[in-house]
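# Understanding the architecture of this molecule
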Amino acid sequence: AAPQLVLGFESSCDETGVALCTTEGTILGQALHSQIAMHKDYGGVVPELASRDHIRRLIPLMNQVLAQSGKTLQDVDAIAVTTGPGLPGALMAGTAFATSLAMGLGKPVIPVHHLEGHLLSPLLSATSPEFPFTALLVSGGHSQLMAVQTLGQYTLLGETLDDAAGEAFDKTAKMIGLPYPGGPALSALAERGDPTRFKLPRPMLHSGDFNFSFSGLKTAVLTTAMKLAGVAQPSETMVLNPQDKADLCASFQAAIVDVLVKKSIAATRESQHQRLVVAGGVGANRLLRTQLTEAASKRGIQVYFPELSLCTDNGAMIAFAAALRLKANPKLLN
Ligand code: KG4
Ligand code: ZN
């Protein structure tokens, strides 16, 4: 039978994403609008602005995807949409639009869990991992280690007890005056810094489980920054000299990557998996990618990453996750 077409929508946070995917797993078209520029002046995502912008962008992005793939809405077999987790208003913009569209077209809706979208995104790469594998999911909202037996069979091995890894990057960056989103800004600055200059904690490195905690690391950066700036109270105007700042970024990045790498390798070994898959925005971090690849190769573990553009939120991963589900269960169309 001819492959079926799934049109997917993502609007859980500050990216509006739309994509068309076949049940063979091929992305026929995708479009993305990031709201980063809009939220930048506020130092973070403003939920109300996010919801309104999703509403503005959904139809133009959808038309772009249809034009790119040479398809019409009538060719679409199912509509996929992120139903959570995320900002409630932002999610509502996407789900209200997608369900209305599906109703109008008389097509089914396939709800997609945002984290499952991230989790399966490495399967869209040219070298795609086979099941089973261990997954490190590190985004702005979540940090989890998971055992993935097969599509839909996921066991949580551990997660963060406080900040997510991306959140730790973002909050630390903000503290030392870097622009939002902090992850990319901080890691760019870290390239010019000395990662051994400051001895920062590796929280829960030896906790014997697969949980994380990053808020203590963030506090350690704050106290170091206050010492360097010669202030007794944290302040918005803490002035650090450029080299101190770069060294602090590099030391922070080294600490967080160290924990992520060691725990991911340990979880992969405990699960007796030969494959480790990384997903989520922090998966774009260059140090994480090189350190993880190096540590894994020593243990005979193969590491898989999503393409850089698919690490952060996008519509392709949502359409793809739904397409895999539809292929596995054609009854979803009834
Ligand atoms: O997956 P994502 O787009 O959103 C959520 O679902 O949360 O991830 C965004 C997060 C942000 O916290 C951002 O700072 C972080 O990923 N991030 C990075 C890098 N690129 C994005 N963190 C560290 N290094 C990077 N290169
Ligand atoms: Zn995400």
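Residues numbered from 1 in each chain as written. Chains lettered and ligands numbered in written order. Predicted model: local features only at pLDDT ≥ 70, side-chain atom pairs only at ≥ 80, totals over all residues.

An unreviewed UniProt entry lists the protein chain under the name tRNA N6-adenosine threonylcarbamoyltransferase, with Limnobacter humi given as the organism. Comment text from UniProt for the protein chain, heading Subcellular location (unreviewed entry), reads "Cytoplasm". In its Catalytic activity (unreviewed entry) section, the UniProt entry covering the protein chain states "L-threonylcarbamoyladenylate + adenosine(37) in tRNA = N(6)-L-threonylcarbamoyladenosine(37) in tRNA + AMP + H(+)". (UniProt positions renumbered as here; feature names shortened; annotations may be inferred.)

### Re the overall build of the protein chain
Secondary structure assignment for the protein chain yields ten helices and ten strands. By the compact-globule yardstick of 20 Å for 334 residues, the protein chain fits well, its C-alpha radius of gyration being 21 Å. The dimensions of the protein chain, computed from C-alpha atoms along their principal axes, are 65 × 45 × 30 Å. Counting the 334 residues in the protein chain, one finds 51% classified as buried. (Helix = DSSP H or I, 4+ residues; strand = E, 2+ residues; numbered from the N terminus. Rg over C-alpha atoms; globule rule 2.2 N^0.38 Å. Buried ≥ 20, exposed ≤ 12 C-beta atoms within 10 Å, placed from the backbone.)

### Overview of the packing of helix α6 (residues 182–190) against helix α8 (residues 242–270)
Think of two packed helices as two axes; the pair is described by the angle between the axes and how far apart they sit. For the pair α6 and α8, the least separation of the axes is 7 Å and the interaxial angle reads 110°. Classified by the angle between their axes, α6 and α8 sit roughly perpendicular to one another. As α6 packs across α8, the resulting crossing turns out to be left-handed. Where α6 abuts α8, its residues Leu186, Ser187, Leu189 and Ala190 lie against Lys245, Ala246, Cys249, Ala250 and Gln253. (Axes fitted to C-alpha atoms, helices over the stretch in contact; angles between N-to-C directions. Parallel < 35°, antiparallel > 145°, perpendicular 65-115°, else oblique. Left-handed = near helix turned anticlockwise from the far one by under 90°. Contact = placed C-beta atoms within 7 Å.)

### What about the site of ligand 1?
Near ligand 1, the surroundings consist of 20 residues, among which Gly140, Gly166, Gly183, Gly281 and Thr312 are the closest. Every element with two or more residues in the shell around ligand 1 is listed here: α5 (165–175) and α6. A domain split of the shell around ligand 1 shows at least three residues from each of domain 1 (5–120 + 312–333) and domain 2 (131–305). (Near = placed C-beta within 6 Å. Domains from an automatic or database assignment.)

### Examining the packing of helix α2 (residues 47–69) against helix α3 (residues 88–105)
The geometry of α2 relative to α3 is characterised by a closest axis approach of 7 Å and an angle of 20° between their N-to-C directions. In terms of axis orientation, α2 runs roughly parallel to α3. For the pair α2 and α3, the crossing hand works out as right-handed. When α2 is examined against α3, the residues Pro47, Glu48, Ala50, Ser51, His54, Ile55 and Leu58 are found in contact with a partner set consisting of Gly89, Ala90, Met92, Ala93, Gly94 and Phe97.

### Focus on the UniProt feature "binding site: substrate" (unreviewed entry) in the protein chain
With numbering aligned to this structure, UniProt lists the feature "binding site: substrate" (unreviewed entry) at Leu137, Val138, Ser139, Gly140, Gly141, Asp170, Gly183 and Asn285. Its location among the elements puts Leu137 in strand β6 (residues 133–138). With residues near it in sequence (within four places) discarded, Leu137 still touches Leu115, His118, Leu119, His142, Gln144, Met146, Ala279 and Gly280. As for its placement among the helices and strands, Gly141 is situated in the loop between β6 and β7 (143–150). Sequence-distant contacts of Gly141, that is, excluding residues within four places in its chain, are made with Pro85 and Ala164.

### As for the sheet that holds strand β5 (residues 109–113)
Pairing within the open sheet is mixed, and its five strands lie in the order β3-β2-β1-β4-β5. A single partner strand is all that each edge strand has here, and the edge strands are β3 (27–34) and β5. Along the sheet, successive strands turn relative to each other by an average axial angle of 20°, direction set aside. With seven bridges connecting them, strand β2 (residues 15–22) and β3 associate as antiparallel partners. (Pairing = 2+ DSSP bridges.)

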